[in-house]
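# Structure at a glance
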Amino acid sequence: MRPGEIEAIHAFGKTIQNGVRIGLHLTHDAAVDPFLEFVHELEEGIPGAEIDRTEADPGGLPAIVPAEGLQFHAVPVGGELSPFLEALAWAAGLRQGSDPELEQALKGVELPAFLKLYVTPQCPFCPAVLKTIIPLPFLNPQVHLAVIDGERFQEAAASDSVKSVPTLILDDRLRWTGTVKREEILAILLERDPATLSADSLAGMLGDGRAKEVAALMQQSGAVFPAFIELLLHPQWPRRLAAMVAAEELAAMAPELAPQLVEPLWTRFEALDDARKGDMLYLLGELGAVSEIPRLKAVAAGPYEDAVKEAAEEALEMLEPQRGEG
């Protein structure tokens, strides 16, 4: 870090009276080293700073976490340092009530929103965009922001088809490149169609125990959201489980929509690992999908691992009595 940046951290530290808690998500590769060095400077320059060190999610990126809902997958030096320190000020309660107009506007955002901002240390325009959006996760917990160094994490940038910075992405669907107007972001946050919610947004709702609300949104829309299918087949068991609970809620609320789940699941069945195959088959039983009995019987008698066959047989045990009742 440059001497001026270290001085800025120490000057900021003098404004903090009650300390500040900062998360640090660690990985097991060299990519984490610059993050460790930066956080060390925070500990040195901010009296009472507490660093919570945890392991990043498998396959995840290292991150500095000033507050829940805000992650820096970037070392905030150069132009990004000032917005980062502003985030710490928000986290320490020093900026609360500083923008009542923005706070009032954000009250209308009821659906989770996941924003990703790609930056690079050399980008002259990135700090201004970051400063524009940094208050959002502090003013509404539905808004989540990840700041990603596209130069350091080129694989992530390529995955999101980022070709220049700054690039701001909302729910993996909408994007802005270059100048970003906060009014435009707010308008879209307020007017989103629930059917366009990303898998991350839906996972955020499900993770908060809002399975019934997710099911109700699909009932109101009259369709199963495309991203919801992704969650039902997600590699991580907790996400699958939360989505399965919501699917059962949907089947109870709007049984006419349950068939919309079935064919997309079968379409991807053969490509799934055995654990996800078994969960999918179990879900078909829970959904009461009696129309799928022939295909379930084919799996139970087919060239699959025993655990998969057992899941198919368990689903059949749930469905056969229902067919008899019909």
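Provided above is the structure to which this section pertains.
One structure accompanies this document, and this report is about it. (Residues numbered from 1 in each chain as written. Predicted model: local features only at pLDDT ≥ 70, side-chain atom pairs only at ≥ 80, totals over all residues. Heavy atoms only, no water.)

### A closer look at the nonpolar core
With 58 residues, the main nonpolar core has Ile46 and Ile64 as its most contacted residues. For this core, the leading source of residues is helix H3 (residues 81–91), giving seven residues. Contacts of isoleucine 64, omitting those with residues within four sequence positions, involve Ile22, Gly23, Leu24, Phe35, Phe38, Val39, Leu70, Gln71, Phe72, Ala74, Pro76 and Phe84. (Core = buried A, V, L, I, M, F, W, Y, C linked by side-chain atoms within 4.5 Å. Buried < 20%, exposed > 50% of the residue type's maximum accessible area, 1.4 Å probe, protein only. Helix = DSSP H or I, 4+ residues; strand = E, 2+ residues; numbered from the N terminus. Contact = heavy atoms within 4.5 Å.)

### A few points about the pattern of salt bridges
Considering all chains together, one arrives at 15 salt bridges under this definition. Across the pair lysine 116 and aspartate 160 runs a salt bridge whose closest N-O atoms are separated by 2.8 Å. In this pair, lysine 116 is assigned in strand E5 (residues 113–119) and aspartate 160 in the loop between helix H7 (154–159) and strand E7 (167–170), connecting sequence segments 44 residues apart. Relative accessible area serves as the criterion here: at 13%, aspartate 160 is assigned to the buried category. (Salt bridge = Lys/Arg side-chain N within 4 Å of Asp/Glu carboxyl O.)

### What about a nonpolar patch on the surface?
Together, Trp237, Leu241 and Val245 line one region of the surface with nonpolar side chains, adding up to about 260 Å² of accessible area. On the secondary structure map, leucine 241 appears in helix H12 (residues 237–253). Using a relative accessible area of 38% as the deciding quantity, one classes leucine 241 as partly exposed. (Patch = residues over 30% accessible without salt bridge, like charges linked within 9 Å, V, L, I, M, F, W, Y side chains within 5 Å. Areas by Shrake-Rupley, 256 points an atom, 1.4 Å probe, with all protein chains shown as cover.)

### A short note on the sheet that holds strand E6 (residues 143–149)
The eight strands lie next to each other as E2-E1-E3-E4-E6-E5-E7-E8, forming an open sheet whose pairing is mixed. Both edges of this open sheet fall to strand E2 (50–55) and strand E8 (174–177), since each of them pairs with a single strand only. Here the average twist between neighbouring strands, direction ignored, is 20°. Of the strand pairs in this sheet, strand E1 (residues 21–26) and E2 are connected by six bridges, and their pairing is parallel. Residue pairing for E2: histidine 25 is matched across the bridge by threonine 54. Here helix H2 (residues 33–45) sits on the sheet in contact with E1, E2, strand E3 (63–67) and strand E4 (70–73), set at roughly 165° to E1. (Pairing = 2+ DSSP bridges. Axes fitted to C-alpha atoms, helices over the stretch in contact; angles between N-to-C directions.)

### Concerning the side chain of glutamate 5
As for its position among the elements, glutamate 5 is in helix H1 (residues 3–13). Although glutamate 5 is buried, it forms no salt bridge, and the closest oppositely charged side chain is arginine 2 at an N-O distance of 4.8 Å. With residues near it in sequence (within four places) discarded, glutamate 5 still touches Val77, Gly78 and Leu81. (Lys, Arg positive; Asp, Glu negative; His and termini not counted.)

### Remarks on unusual backbone geometry
Each neighbour pair has its own omega, and for valine 165 with proline 166 the value is 0°, a cis peptide bond. For proline 166, the location among the structural elements is in the loop between H7 and E7. One non-glycine residue, aspartate 171, lies in the positive phi region at around 55°. In this fold, aspartate 171 is placed in the loop between E7 and E8. The backbone phi angle of aspartate 172 is positive, close to 60°, even though this residue is not glycine.

### Things to note about H12
Counted at 1.5 Å a residue, the expected span for H12 with its 17 residues is 24 Å, and the 24 Å between its end C-alpha atoms agrees. Elements in contact with the buried residues of H12: helix H9 (199–207), helix H10 (211–221), helix H11 (226–232), helix H13 (259–267) and helix H14 (274–286). (Expected span 1.5 Å × (residues − 1).)

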